[in-house]
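Chain residues, written in single-letter form:
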Amino acid sequence: MNIHEYQGKEILKSFGVRIQEGIVAETPEQALDAAKRLKEEYNSDWVVVKAQIHAGGRGKGGGVKLAKNHDEVVQRATDIIGMQLVTPQTGPEGKKVNKVLVAQDVYYPGESETKEFYMSVLLDRASGRNMIMYSTEGGMDIEEVAEKTPHLIFKEEIDPKVGLQGFQARKIAFNLGLSGAAQKDMIKFVAALYKAYDAIDASMFEINPVLKTSDDKILAVDAKVNLDENALYRHADIAALRDLSEEDPTEVEAGKSNLNYVKLDGNVGCMVNGAGLAMATMDIIKLAGGEPANFLDVGGTANAETVKAGFNIILQDPNVKAILINIFGGIVRCDRVAQGVIDAYQEIGNIPVPIIVRLQGTNAEEAKKLIDGSGLKVYSAIALKEAADLVSEVLGG
């Protein structure tokens, strides 16, 4: 589960991570009030108005603007709130901005030069351990840094038996070229950051940039926080931060029916029980000359209700030209699934695209007879190749 920058910063702050302070606003008037409060509380003459959407690259898309006075605050907020912000991570359709974060200016002049760093905490799947990845090249796309200057990316692997050790935090500060007060503050920053990551069962923290201010303070200017959905039952307060308006409406609807659904760009809808079988089904669709329109796992106990919910979700995609249902009857009997398909078809009414049903496992032959004798526009198959041939046939291939 993703959360907004301002929410991620509040979590970090609660664990002792210094952040760029800010106030959320949903209207230009609220943005102006926020700027006035930041002046009173932090003596910030300038502020930054930052779009709050679940995507990176906001600055490049025009979603992050500096405001040097109150008139500019109102103008920046007016420009950003309600805009359809397009970034490399949103796709060409972009995302609507419903709120902004009005943040304090942390690039104020002082005795030393400001410096930007990159830092993230995530799981290294190769080793099965958490890792802190960091670089002196903050403020840039880390992919670009990895491609052009890979020697400037450092990694610190953390043994789960002992957690982050003091010498590792000191090593990170040293590799970033810090000394004196800045080095000490970076050590505290890293320790607090990892503590937060571990405590809330996050799957990723990305802070870009981590800033060394002109008076040698270390703070998070941005915060991208991704949480492990499987652990949210332990964090009801964090689960409550979920913003459904930032998620695909169809995927939200699928979640309410306990369906695992991901929308894709193809023309053949898939309804499968089991993630592995779903991946194989997507492969067979491509081999048959089609393109999968979705990943949809209805789970191991598919019945008429789940099948009906799956149909409704798949049919919301206007690009779908056919639907392939591929069920392996292990726990669930194939004839029950077949009856569920028939019942769901009759309840929904006329389904405008051909349906191929491939059932294998317990009572597969009985299931095929039910489908063939239903009188509905449904093609039945038992072998996977047979299903693939039917996909090709209905697509005109």
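Naming follows an unreviewed UniProt entry, where the protein chain appears as Succinate--CoA ligase [ADP-forming] subunit beta of Sphingobacterium corticibacter. The UniProt entry for the protein chain carries the following text under Subunit (unreviewed entry): "Heterotetramer of two alpha and two beta subunits." One UniProt comment on the protein chain, placed under Sequence similarities (unreviewed entry), says "Belongs to the succinate/malate CoA ligase beta subunit family."

**Student:** Give me the lowdown on the packing of helix H11 (residues 334-348) against helix H12 (residues 364-372), citing residues and values where you can.
**Tutor:** In contact at an axis separation of 7 Å, H11 and H12 are set at 20 degrees when each is read in the N-to-C sense. In this view, H11 runs roughly parallel relative to H12, as classed from their interaxial angle. Handedness of the H11/H12 crossing: right-handed. Residue-level contacts link Cys334, Asp335, Ala338, Gln339, Val341 and Ile342 of H11 to Ala364, Glu366, Ala367, Leu370 and Ile371 of H12.

**Student:** Tell me about the UniProt feature "binding site: substrate" (unreviewed entry) in the protein chain, residues and numbers included.
**Tutor:** In the numbering used here, UniProt assigns the feature "binding site: substrate" (unreviewed entry) to Asn273, Gly330, Ile331 and Val332. Note on placement: Asn273 falls in the loop between strand S14 (268-272) and helix H9 (275-287). Accessibility expressed as a relative area gives 10% for Asn273, which makes it buried. Sequence-distant contacts of Asn273, defined by excluding residues within four places in its chain, comprise Asp297, Val298, Gly299, Asn326, Ile327, Phe328 and Val332.

**Student:** Give a detailed account of the pairing of S14, specifying residues and quantitative values.
**Tutor:** With 5 of 5 residues buried, S14 is to be regarded as a mostly interior element. Where burial is concerned, the two faces of S14 agree: the one with Val268, Cys270 and Val272 and the one with Gly269 and Met271 are both buried.

**Student:** Which residues make up the sheet that holds strand S3 (residues 64-67), and what values do they have?
**Tutor:** What the 4 strands build is an open sheet, ordered S1-S6-S2-S3; its pairing is antiparallel. A strand with exactly one partner marks an edge of an open sheet, and here the two such strands are strand S1 (22-25) and S3. Between one strand and the next, the sheet's axes are offset by a mean angle of 25 degrees, whatever the strand orientation. Of the strand pairs in this sheet, strand S2 (residues 47-51) and strand S6 (residues 100-104) are connected by 5 bridges, and their pairing is antiparallel. By the bridge assignment, Val49 is partnered in S6 with Val102. Against the sheet, helix H1 (residues 5-14) engages S1, S2 and S6, with an angle of about 50 degrees to S6. In this fold helix H3 (residues 70-80) packs onto S2, S3 and S6, with an angle of close to 165 degrees to the strand it touches most, S3.

**Student:** Quick one: what's the story with unusual backbone geometry, residue by residue and with numbers?
**Tutor:** Cis rather than trans, the peptide bond between Asn208 and Pro209 has omega equal to 10 degrees. With phi around 55 degrees, Asn43 is a residue other than glycine that occupies positive phi space. By the secondary structure assignment, Asn43 is in the loop between helix H2 (28-42) and S2. You can call Asn43 exposed: its relative accessible area is 53%. In this structure, Asp216 is a non-glycine residue whose phi angle is positive, near 65 degrees.

**Student:** Give a description of the packing of aromatic side chains that names residues and reports values.
**Tutor:** This structure, assessed with the given rule, holds 3 aromatic pairs. Seen from their ring centres, Tyr134 and Phe154 are 5.3 Å apart, and the 20 degrees between their planes marks the pair as stacked. In this pair, Tyr134 sits in strand S8 (residues 129-135) while Phe154 sits in strand S9 (residues 153-158), placing the two residues 20 residues apart along the sequence. According to the relative accessible area criterion, Tyr134 is buried, its value standing at 0%. Taken together, Tyr194, Tyr197 and Phe205 form an aromatic cluster joined through their ring pairs.

**Student:** Account for the nonpolar core, with residues named and values stated.
**Tutor:** Counting 39 residues, the largest nonpolar core has Leu12, Met119, Ile132, Met186, Phe189, Leu193 and Phe205 as its most contacted members. Listed by contribution, the elements that provide at least two residues to this core are H1, strand S7 (115-124), S8, helix H5 (166-175), helix H6 (180-199), strand S10 (202-212), strand S11 (218-220) and strand S12 (224-227). It is H6 that contributes the most residues to this core, 9 residues altogether. The contact partners of Leu193, leaving out residues within four places of it in the chain, are Leu12, Val17, Met119, Val121, Phe205 and Ile207. Grouped together as the second largest cluster of nonpolar side chains are 33 residues, Ile313, Ile325, Ala338 and Val357 included.

The rules behind these values
- Residues numbered from 1 in each chain as written.
- Predicted model: local features only at pLDDT ≥ 70, side-chain atom pairs only at ≥ 80, totals over all residues.
- Heavy atoms only, no water.
- UniProt positions renumbered as here; feature names shortened; annotations may be inferred.
- Axes fitted to C-alpha atoms, helices over the stretch in contact; angles between N-to-C directions.
- Helix = DSSP H or I, 4+ residues; strand = E, 2+ residues; numbered from the N terminus.
- Parallel < 35°, antiparallel > 145°, perpendicular 65-115°, else oblique.
- Left-handed = near helix turned anticlockwise from the far one by under 90°.
- Contact = heavy atoms within 4.5 Å.
- Buried < 20%, exposed > 50% of the residue type's maximum accessible area, 1.4 Å probe, protein only.
- Pairing = 2+ DSSP bridges.
- Phe/Tyr/Trp six-rings, centres within 6.5 Å; stacked < 30°, edge-to-face > 60°.
- Core = buried A, V, L, I, M, F, W, Y, C linked by side-chain atoms within 4.5 Å.

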